[in-house]
Amino acid sequence: MSTPSPIPATAHAAATEYCGHDLVLTEVTDRRGSAVWKATGHKGAAALKVGGGAGAEITAREAAALAALKVDYFAGAGVTHGSAWLLTHWLEGPSTWDVFGPVRAGGAGREQALAAAADLCSAVAGLHMAGWVHADLQPSHGIHTDTGVRLIDLAWAWRPGWDQGTAFNGGMTHLLSPELAAAIITGDKPVAVTPAADVYALAGTIWTCTTGRWPLDYQAAGINPKACTPHELRQHIATGHVPVTAERPWPELQDVLLPVLLDDPANQPTAGELGKTLGP
């Protein structure tokens, strides 16, 4: 088959070698300068990400992080003609957001969701034990496979001494801890992302998966997030005065998450401790 124009020939060749010559490419996402395809063939399936323009640097950075972390799903990467690409195994399984679907729909599936939340915490704890932070945890960034949770979208993964680049803006703004938002709005680079900031985003991710809404109650603070620029929203979050929403569809779980979203970073549990609290 012919190579789709956005995909470098070297990336297409790598996907063909991995998946088989009967390669079929199905676009999954295309946003912020990076596109992802599911590549399938008789030998298997893979995820192919290609970044162009501003997305090239970010995609190359993610590939370098995957290689440095030696994750078991990384299959290859390259840079060519202003584009960067990476190839990973196709991870079969739902995201944390998907696992919590029945909970959001009416409260069913809580046992499975709680186990998934604990597993996600364990995966983040493993990353922290390796000396890294994810720096962009979101409801769709944990994939629950038959062999455990795999963390994806590691473009902003960081450890001390690692080149963070200049484009980092904290990841998902709605899941920024106040201290990380404050560090970002100063404009000083690099921004040191702490495990505590990751744990805040982890608790916010589980909260969002539970309620279907971001944890902060902007309306109660008189803020219209749709009318704010990301910088303005980070300024609001940095004050620490935006309350957590009072919505409690699963109070037993949310009562565990609430202190993580409110306490001083020094008093937060680690990702592993949070997982043990949520686990059986």
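Notes on the structure in this doc start here. Counting starts from 1 at the beginning of each chain's written sequence and moves along it residue by residue. In view of the model being predicted, local features appear only for residues whose pLDDT reaches at least 70, and side-chain atom pairs are presented and counted only at 80 or more, with totals across whole chains, interfaces and linings using the full set of residues. The side-chain figures draw on all heavy atoms in the structure; neither hydrogens nor water molecules are used.

## Description of the pairing of strand S5 (residues 83-89)
- A large share of S5 lies buried, amounting to six of its seven residues.
- Think of it this way: DSSP has to see at least two bridges between two strands before they count as a pair. Each helix is a run of DSSP H or I of at least 4 residues and each strand a run of E of at least 2, with the numbering of both proceeding from the N terminus. Across six bridges, the pairing between strand S4 (residues 74-80) and S5 is antiparallel. Residue pairing for S5: glycine 76 is matched across the bridge by leucine 87. Here's how the labels work: a residue is buried when its accessible area is under 20% of the maximum for its type, exposed when over 50%, partly exposed in between, all with a 1.4 Å probe on protein chains only.

## Some points on the sheet that holds strand S1 (residues 24-31)
- The five strands are arranged S1-S2-S3-S5-S4 in an open sheet whose pairing can be described as antiparallel. What marks the edges here is a single partner per strand, and that holds for S1 and S4. In this sheet, adjacent strand axes meet at a mean angle of 20° when their direction is disregarded.
- The strands that helix H1 (residues 9-19) touches are S1, strand S2 (34-41), strand S3 (44-52), S4 and S5; relative to S5, the one it contacts most, it runs at about 10°.
- Any two residues having at least one pair of non-hydrogen atoms within 4.5 Å are treated as being in contact. A fitted line through C-alpha atoms serves as each axis, taken over the contacting stretch for helices, and the angle formed by two N-to-C directions is quoted from 0 to 180°. Packing of helix H2 (residues 54-69) onto the sheet brings it into contact with S2, S3, S4 and S5, and relative to S5 it is tilted by some 40°.

## Points about the pattern of salt bridges
- Salt bridges are identified by distance alone: a Lys or Arg side-chain nitrogen within 4 Å of an Asp or Glu carboxyl oxygen. A complete count under the given rule lists four salt bridges for this structure.
- Between lysine 49 and glutamate 62 there is a salt bridge, and its shortest N-O distance comes to 2.8 Å. Of this pair, lysine 49 sits in strand S3 while glutamate 62 is found in helix H2, placing the two residues 13 residues apart along the sequence. The pair formed by lysine 49 and glutamate 62 is uniform in burial state, with each residue classed as buried.
- A salt bridge links aspartate 72 to arginine 150; its shortest N-O distance comes to 3.2 Å. Placement of aspartate 72 in the loop between H2 and S4 and of arginine 150 in strand S7 (residues 148-151) is noted, with a sequence separation of 78 residues between them.
- Where salt bridges share partners, they join Lys49, Glu62 and Asp153 into one cluster.

## Some remarks on helix H8 (residues 230-238)
- Three or more residues of H8 are buried, namely Leu233, Arg234 and Ile237. Along the axis of H8, the buried positions cluster into a sector of 100°, meaning they face one direction only.
- Following H8 by one or two positions, glycine 240 has its phi on the positive side, about 75°. Arc definition: directions from the helix axis to the C-beta atoms.

## Some points on the environment of tryptophan 132
- Among the secondary structure elements, tryptophan 132 is positioned in the loop between helix H5 (110-129) and strand S6 (142-145).
- A relative accessible area of 4% means that tryptophan 132 is categorised as buried.
- The sequence separation of tryptophan 132 and histidine 12 amounts to 120 residues, and the corresponding C-alpha distance is 31 Å.

## Structural notes on the nonpolar core
- Here the nonpolar core consists of buried residues drawn from Ala, Val, Leu, Ile, Met, Phe, Trp, Tyr and Cys, with membership extended through side-chain atoms lying within 4.5 Å. Counting residues in hydrophobic clusters, the biggest one holds 65 residues, and the most contacted among them are Phe100, Leu151, Leu202, Ile206 and Leu278.
- Elements with a minimum of two residues in this core: H2, H5, S7, helix H6 (178-185), helix H7 (195-211), H8, helix H9 (251-262) and helix H10 (271-278).
- With sequence-adjacent residues up to four places away left out, phenylalanine 100 is seen in contact with Ala113, Ala117, Ile206, Cys209, Thr210, Trp250 and Leu253.
- Ile7, Ala14, Ala35 and Val50 belong to the second largest nonpolar core, which has 15 residues in total.

## Comments concerning the packing of H5 against H7
- The N-to-C vectors of H5 and H7 enclose an angle of 165°; their axes lie 11 Å apart at closest approach. Judged by the inter-axis angle, H5 sits roughly antiparallel to H7. Seen from above, H5 lies across H7 with right-handed handedness. Together, Ala117, Leu120, Cys121, Val124 and His128 of H5 and Pro195, Asp198, Val199, Leu202, Thr205 and Ile206 of H7 make up the contact between the two elements. For this classification, under 35 degrees means roughly parallel, over 145 means roughly antiparallel, 65 to 115 means roughly perpendicular, and everything else is oblique. Rotating anticlockwise by less than a right angle from the far helix to the near helix defines a left-handed crossing, while the corresponding clockwise rotation defines a right-handed one.

## Notes on the state of the cysteines
- Disulfide assignment relies on a single distance test, namely cysteine sulfur atoms paired within 2.5 Å. If you walk through the whole model with that rule in mind, you get zero disulfides.
- Note on cysteine 121: no disulfide assigned, nearest cysteine sulfur contributed by cysteine 209 at a separation of 11 Å.

## Topic: unusual backbone geometry
- Here the amide bond leading from lysine 189 into proline 190 is cis, since omega sits at -5°, within 30 degrees of zero.
- The residue proline 190 is located in the loop between H6 and H7 in this model.
- Even without being a glycine, histidine 81 presents a positive backbone phi close to 50°.
- Here histidine 81 shows up in the loop between S4 and S5.

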